[in-house]
2 protein chains.
Amino acid sequence: MTIPEELLPKQGEPPLLYLASASPRRRELLGLLGVRYIVVVSRFNEASLTHLTDPAEYVVCAAEGKAADVAQKRCGVVLGVDTDVVAPDGSILGKPKDSDDAKRILRLLSGKTHSVFTGVAVVESNAHGEILRKKTSVTQTLVTFAPLPDAAIDSYVATGDPMDKAGAYGLQGRAMAFITRIEGDHTSVIGLPLWTVAEMLSEFGVPLWENTVTTR
Amino acid sequence: MTIPEELLPKQGEPPLLYLASASPRRRELLGLLGVRYIVVVSRFNEASLTHLTDPAEYVVCAAEGKAADVAQKRCGVVLGVDTDVVAPDGSILGKPKDSDDAKRILRLLSGKTHSVFTGVAVVESNAHGEILRKKTSVTQTLVTFAPLPDAAIDSYVATGDPMDKAGAYGLQGRAMAFITRIEGDHTSVIGLPLWTVAEMLSEFGVPLWENTVTTR
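Described below are features of the structure shown in this document. (Residues numbered from 1 in each chain as written. Chains lettered and ligands numbered in written order. Predicted model: local features only at pLDDT ≥ 70, side-chain atom pairs only at ≥ 80, totals over all residues.)

### Considering the overall build of chain A
And then number 1: Summing up its helical and strand segments, chain A has six helices and seven strands in all.
And then number 2: Going residue by residue from the N terminus, the α and β elements of chain A occur as β-α-β-α-β-β-α-β-β-α-β-α-α.
And then number 3: Based on the C-alpha atoms only, the size of chain A along its principal axes is roughly 60 × 40 × 25 Å.
And then number 4: Every one of the 216 residues in chain A was classed for burial, and the buried ones make up 44%.
And then number 5: Expressed as a percentage of contacts within chain A between residues at least 6 apart in sequence, the contacts between residues at least 24 apart total 73%. (Helix = DSSP H or I, 4+ residues; strand = E, 2+ residues; numbered from the N terminus. Buried ≥ 20, exposed ≤ 12 C-beta atoms within 10 Å, placed from the backbone. Contact = placed C-beta atoms within 7 Å.)

See the structure below:
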């Protein structure tokens, strides 16, 4: 596949950076690195990964799948990311189906420590959508919840914040109050381990720490 | 001193909660607990504490001093808070004097682990401004910074974010990218260890987790 000319970087310019994620939180976090990037949501089908039972392996393969899918249609550097919340009992927690499911998940996390895994893949492709090189990483962060009274869970679920989030909570909303301890990279819990990403992008020649950042 | 009647809680109502802090970040965090509160900035003079060299002791005494000052002028429950950032070399880091000072402080933190101490005091007073009871706590959180290139420091200082913050960084702005590891309560680093505060306020009869919270 040849990439249309209007999608190619101009001569002498640094590579274009693509974010293969629709998550508004990841967009916001990536902006903190002072990089210019373009959002292209991947069509990678995670159903192809259901045979993977190890969460660290799963998030890396999912991140790589998302990045590779976009890399085949663009010329540049593509960032793929996947985050999984693993309950204290080892089960993988997705997004809640409804309010009752969100309450069930939060009761599962209450008073215990769980893990958040984030896989990151950076993939570089040429003007033919061929993959030139790739690099992956996985970050595990431990999160401890306070023993939550029902009133706390109910009031948080009523805000609607848990509904679009794996594990039924976000680190930046009211659930911030529930977390008594973090061990590891807290940005990974929000969905993008920022310094890890900064170092990987830097290796691929993406300029960081620009002050005026526009996305397109 | 007798508290004017218009400042007293109505018969049968829970105690009024006062936040003895002008910090916008603390106001925002306290709101996450679903409590009603009133901001009254204390006139406590921290110069009276310069003899204290242990940061844990200092932040508790400062928190208590702020809360007690407001408690003598109000009837209810007063929350006082103080946060100190302790550099890897043990020195206490205040707010930066100017941009160059902010850069100096950030270079001090770069590539190393430092401590953030937050002291919390909850003080209850009666209609005569007499202190009935008090409770204090201290939270220590370890924060590890990535080895920062000058471009990262310069671009962060250019945002202006470091200027009103002890240690020249905030956990919620661009400096979020600099932190590779947190050990402990991350809300304490923003300035209010939320779950600790929730438990303390609960002991003093302050209702938590209300859905519609107004401040006045």
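### Quick word on the relation of the copies chain A and chain B
And then number 1: Note on the copies: chain A fits chain B at an RMSD of 0.0 Å, the axial shift is 0.0 Å, and the rotation between them is 180°. Those values place the two copies in the arrangement expected of a two-fold rotation axis. Of the C-alpha atoms belonging to chain A, the one lying closest to the rotation axis is found on A:Glu183, 2.3 Å away.
And then number 2: A share of 100% of interface residues in chain A that are also interface residues in chain B marks the association as one of identical surfaces. (Least-squares fit on C-alpha atoms with pLDDT ≥ 70 in both.)

### Some words on helix α1 (residues 24–31) of chain A
Residues and elements named next belong to chain A.
And then number 1: Buried residues of α1: Arg26, Leu29 and Leu30, and no others. Considered in projection along α1, the buried side chains sweep an arc of 100° and stay on one side of the axis.
And then number 2: Of the surrounding elements, those touching the buried residues of α1 are β1 (17–19), β3 (76–86), α5 (186–190) and α6 (194–203). (Arc of directions from axis to C-beta.)

### Side note on the pairing of strand β5 (residues 113–125) of chain B
Consecutive side chains of a regular strand alternate in pointing toward one face of the sheet and then the other.
And then number 1: Of all 13 residues in β5(B), 10 are buried; the element is thus mostly enclosed.
And then number 2: Hairpin connection between β5(B) and strand β6 (residues 131–145) of chain B: a loop of five residues separates the two successive antiparallel strands, and B:Gly129 in this loop has a positive phi of roughly 70°. (Pairing = 2+ DSSP bridges.)

### Quick look at the pairing of strand β7 (residues 179–184) of chain A
And then number 1: Judged from the four bridges that link them, strand β6 (residues 131–145) of chain A and β7(A) form a sheet pairing that is antiparallel. Bridging across to β7(A), A:Thr144 finds its partner in A:Arg181.
And then number 2: Taken together, the three bridges between β7(A) and strand β7 (residues 179–184) of chain B define a ladder with antiparallel strand orientation. If you follow A:Gly184 over to β7(B), its bridge partner there is B:Ile182.

### Points about α6(A)
Helical geometry: 3.6 residues make up each α-helical turn, so side chains three or four residues apart lie on a common side.
Residues and elements named next belong to chain A.
And then number 1: Listed as buried for α6 are Leu194, Trp195, Val197, Ala198 and Leu201. With its buried residues spanning 155° around the axis, α6 presents them on a single face.
And then number 2: Of the residues trailing α6, Gly205 is marked for its positive phi of about 80°.

### With respect to the interface of chain A and chain B
And then number 1: Taken together, the 25 residues of chain A in the interface contact 25 residues of chain B.
And then number 2: Elements supplying a minimum of two residues to the side of chain A that touches chain B: α4 (150–158), β7, α5 and α6 of chain A.
And then number 3: It is β7(A) that contributes the most residues to the side of chain A that touches chain B, five residues altogether.
And then number 4: Classifying every residue of the side of chain A that touches chain B gives 14 nonpolar, seven polar and four charged. (Nonpolar A, V, L, I, M, F, W, Y, C, P; charged D, E, K, R; others polar.)

### A look at the environment of B:Glu28
And then number 1: Locating B:Glu28 in the fold gives a position in helix α1 (residues 24–31).
And then number 2: A C-alpha to C-alpha distance of 25 Å links B:Glu28 and B:Ile92, two positions 64 residues apart in sequence.

### Digging into unusual backbone geometry
And then number 1: The phi torsion at A:Ala168 lies on the positive side, around 65°, for a residue other than glycine.
And then number 2: Mapped onto the fold, A:Ala168 is located in the loop between α4 and β7.
And then number 3: With a phi close to 65°, B:Trp209 is a non-glycine residue in the positive phi region.
And then number 4: The topology assignment puts B:Trp209 in the segment after α6 (194–203).
And then number 5: When the 22 C-beta atoms within 10 Å are taken as the criterion, B:Trp209 is described as buried.

### So, the environment of B:Pro207
All names here are of chain B.
And then number 1: Secondary-structure assignment places Pro207 in the segment after α6.
And then number 2: When the 16 C-beta atoms within 10 Å are taken as the criterion, Pro207 is described as partly exposed.
And then number 3: A sequence separation of 190 residues divides Pro207 from Leu17, and the C-alpha atoms of the two residues are 9.6 Å apart.
And then number 4: If sequence neighbours within four positions are ignored, Pro207 has contacts with Pro14 and Val35.

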